[in-house]
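Commentary on secondary and tertiary structure
Here is what each chain is made of, one letter per residue.
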Amino acid sequence: MNPTPVVFIHGAWLHALSWESWNERFASFGFAVSAPVWPGEPATVGEARRRPETFQELGLHVLTDHYARIVRSLDTPPVIVGHSVGGLIAQHLIGTNLGRAAVAIAPAPVNHVSLPATRTRAPGFPATGDPVGGPWPVSLDAGRFRRVFANAVTEKEADELFERYVVPAPRRLLAELGWGGATRHPRAMVDTGNTARGPLLLISGQEDRLVPDSVTRAVYKLYGDSTAVSSLKQFPDRAHSLVVDRGWRAIADHVLVWLAERGIRADRSEW
């Protein structure tokens, strides 16, 4: 058997451990899974909280190139699955014909699509002036995480998710995504008109307060002129934590079915 590789890319404020359930689920179907850490990201959540400075200067350019190298290093083009900024990177990579297919879950917006002004004030960013405001990472406390990230689950579950997965986010990266009113980095631009790319699935949570469903729908419309496969799936009553909270399996299984419908299965000899 020649297993199809799947590369998972996590988003800001979550550790690579956040894909643990997805790794197990996809591996049970025979996929060769990996969830590589970001450059400089500590191996554990505890260490990332104790030593946030290890990746405080990480930017979108370095992060995108990091995953592009990983994808290119594989013998077979993988399925690329990204959440939040990972979803933006997944779109960038598939737009440059890297990967067999891509899934962007609650992705950070691309091209001219932007977050509503009320969503771009990450904790620690000044309302005006220098959007970066210093080199230190941006942390979420448990209360903020519940309000903007895990608002569709119980307080108990939100607290459990916070303790297991949440880490500080690089301030430079957030600024390059447009947080705090900063100008977005050129790597936030995606070739939405590429007709030669692999299939792309966009997923949104309709209760998402960090990347609203309306933003993901606006991004989906950018792909309207491409003849390449582009799909959109909206999940009601789901927030930005949809890849890690109690409903993660419904999201993962939808991705598995979507891949199978496009002839992408665990055994690449079946392609």
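**Points about the overall build of the chain**
Helices and strands together make up the secondary structure of the chain, namely nine helices and six strands. Overall, the chain is about 50 × 35 × 35 Å in size when its C-alpha atoms are taken along their principal axes. The proportion of buried residues among the 271 residues of the chain is 58%. For the chain, contacts bridging at least 24 residues in sequence account for 76% of all contacts bridging at least 6.

**Concerning the sheet that holds strand E6 (residues 230-235)**
Whether parallel or antiparallel, the strands of a sheet pair through hydrogen bonds between backbone atoms. Spatially, six strands are ordered E2-E1-E3-E4-E5-E6 in an open sheet, and the strand pairing comes out parallel. At either margin of the open sheet sits one strand with a lone partner, and together these are strand E2 (32-34) and E6. Direction aside, neighbouring strands of the sheet carry axes that sit 15 degrees apart on average. As defined by bridge partners, strand E1 (residues 5-9) adjoins strand E3 (residues 79-83) across four bridges and the pair is classed as parallel.

**Things to note about the packing of helix H1 (residues 20-28) against helix H9 (residues 248-261)**
The contact between H1 and H9 brings their axes to 10 Å, and the two run at 40 degrees. Classified by the interaxial angle, the pair formed by H1 and H9 is oblique. Crossing hand, H1 versus H9: right-handed. For the pair H1 and H9, the contacting residues are Ser21, Trp22, Arg25 and Phe26 in the first and Trp248, Arg249, Ile251, Ala252, Asp253, Val255, Leu256 and Leu259 in the second. In terms of residue class, the contact of H1 with H9 is built from eight nonpolar, one polar and three charged.

**What to know about the packing of aromatic side chains**
Within this structure, the stated rule accounts for nine aromatic pairs. Centre to centre, the rings of Trp13 and Trp179 are 5.8 Å apart; their planes meet at 90 degrees, and the pair counts as edge-to-face. You can see Trp13 sitting in the loop between E1 and H1 and its partner Trp179 sitting in the loop between helix H7 (171-176) and strand E5 (200-205), a full 166 residues away along the chain. The pair formed by Trp13 and Trp179 is uniform in burial state, with each residue classed as buried. Look at Trp22 and Phe26: their rings are 6.0 Å apart centre to centre, the planes differ by 20 degrees, and that puts the pair in the stacked class. Of the two residues, Trp22 and Phe26 both sit in helix H1, four residues apart, roughly one turn of that helix. Given the relative accessible area of 0%, Phe26 is considered buried.

Rules of the game
- Residues numbered from 1 in each chain as written.
- Predicted model: local features only at pLDDT ≥ 70, side-chain atom pairs only at ≥ 80, totals over all residues.
- Heavy atoms only, no water.
- Helix = DSSP H or I, 4+ residues; strand = E, 2+ residues; numbered from the N terminus.
- Buried < 20%, exposed > 50% of the residue type's maximum accessible area, 1.4 Å probe, protein only.
- Contact = heavy atoms within 4.5 Å.
- Pairing = 2+ DSSP bridges.
- Axes fitted to C-alpha atoms, helices over the stretch in contact; angles between N-to-C directions.
- Parallel < 35°, antiparallel > 145°, perpendicular 65-115°, else oblique.
- Left-handed = near helix turned anticlockwise from the far one by under 90°.
- Nonpolar A, V, L, I, M, F, W, Y, C, P; charged D, E, K, R; others polar.
- Phe/Tyr/Trp six-rings, centres within 6.5 Å; stacked < 30°, edge-to-face > 60°.

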